[in-house]
Amino acid sequence: TSRAGCVQKCGEAQAPHAREPMRNAMSPTLLCADPDRDLCQLLSRALGADGCRVVVAHDGEEALEALRRRPPDLALFDVALPGHGGLALLEAMRRSATAAAAVPVILWSVAPCTAEQIERARKLGASALLRKPVPLDALIARITKLLARERDGRAADAARSTARVRRSVPLRGS
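Residues numbered from 1 in each chain as written. Predicted model: local features only at pLDDT ≥ 70, side-chain atom pairs only at ≥ 80, totals over all residues. Heavy atoms only, no water.

*Asks:* I would appreciate a short explanation of the overall build of the protein chain in the present structure.
*Replies:* Broken down by element type, the protein chain carries five helices and seven strands. Secondary structure elements of the protein chain, listed N to C terminal, follow the sequence β-β-α-β-α-β-α-β-α-β-β-α. Within the protein chain, buried positions represent 38% of all 174 residues. Approximately 9,900 Å² of the protein chain is accessible, and the part contributed by carbon and sulfur atoms is 53%. (Helix = DSSP H or I, 4+ residues; strand = E, 2+ residues; numbered from the N terminus. Buried < 20%, exposed > 50% of the residue type's maximum accessible area, 1.4 Å probe, protein only. Areas by Shrake-Rupley, 256 points an atom, 1.4 Å probe, with all protein chains shown as cover.)

*Asks:* Please clarify how the pairing of strand β2 (residues 29-33) should be interpreted in this entry.
*Replies:* Along a regular strand, successive side chains alternate from one face of the sheet to the other. Burial analysis of β2 places five of its five residues in the buried class, the great majority of the element. Residues Thr 29, Leu 31 and Ala 33 point to one face of β2 and Leu 30 and Cys 32 to the other, with burial holding for every one of them. Sheet topology places β2 next to strand β3 (residues 53-57); five bridges connect them, and they run parallel. If you follow Ala 33 over to β3, its bridge partner there is Ala 57. Taken together, β2, helix α1 (residues 37-49) and β3 form a β-α-β motif whose crossover is right-handed. Relative to strand β4 (residues 74-78), β2 runs parallel, the two being bridged by four bridges. Bridge assignment links Cys 32 to a residue of β4, and that residue is Leu 76. (Pairing = 2+ DSSP bridges. Right-handed = clockwise from strand over helix to strand, strands pointing away.)

*Asks:* I would appreciate a short explanation of the side chain of Asp 36 in the present structure.
*Replies:* Within the secondary structure, Asp 36 sits in the loop between β2 and α1. Among buried charged residues, Asp 36 stands out as having no salt bridge; its nearest opposite-charge side chain is Lys 132, 6.3 Å away. For Asp 36, the side chain forms a polar contact with the main-chain nitrogen of Leu 39, separated by 2.9 Å. (Lys, Arg positive; Asp, Glu negative; His and termini not counted. Salt bridge = Lys/Arg side-chain N within 4 Å of Asp/Glu carboxyl O. Polar contact = N/O pair within 3.5 Å; in protein donor to acceptor, adjacent residues only side chain to side chain.)

*Asks:* Is there a simple way to explain the pairing of strand β6 (residues 128-131) in this structure?
*Replies:* Residue alternation in β6 divides its side chains into a buried set, Ala 128 and Leu 130, and an unburied set, Leu 129 and Arg 131. Viewed along the sheet, the connection from strand β5 (residues 105-109) through helix α4 (residues 115-123) into β6 turns out right-handed.

Functional significance is not addressed by these values, which are geometric in nature.
The structure is reproduced here in structure tokens:
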């Protein structure tokens, strides 16, 4: 297990370049809301090395403030986060009329989630509901995959939007 107690560090013998770094024109941002400061620091270092900007919050109020300042590309919330738990944060995001409403969210918990929590997470569109501890490499792989899916989705949306504009603009010329 890890120093943080919530992430299992797998493959530490691998060189830092063993994982494919996240390559974007702009660095993706992850909001990590977890009361475990060591865990947040560990994730910040690991994901930062992969080119991701990590914003850290240790309670629900800090997480809400970070969401108001700038919606991240992906959020990772502890279900039992003090103040506003991860599910309450996810619900607030989905109900907002801001870009935060569409942000993918990974929820995780040390304790087993109840059937009600699992159903609520599903209905709110959580990207994943994980049980701690999670192997660090597996967590980073999942985060990388979700960020790539979001990036590809935005690129496809932009391409469709450009195609609609091209079709709707009459051609001018001779």
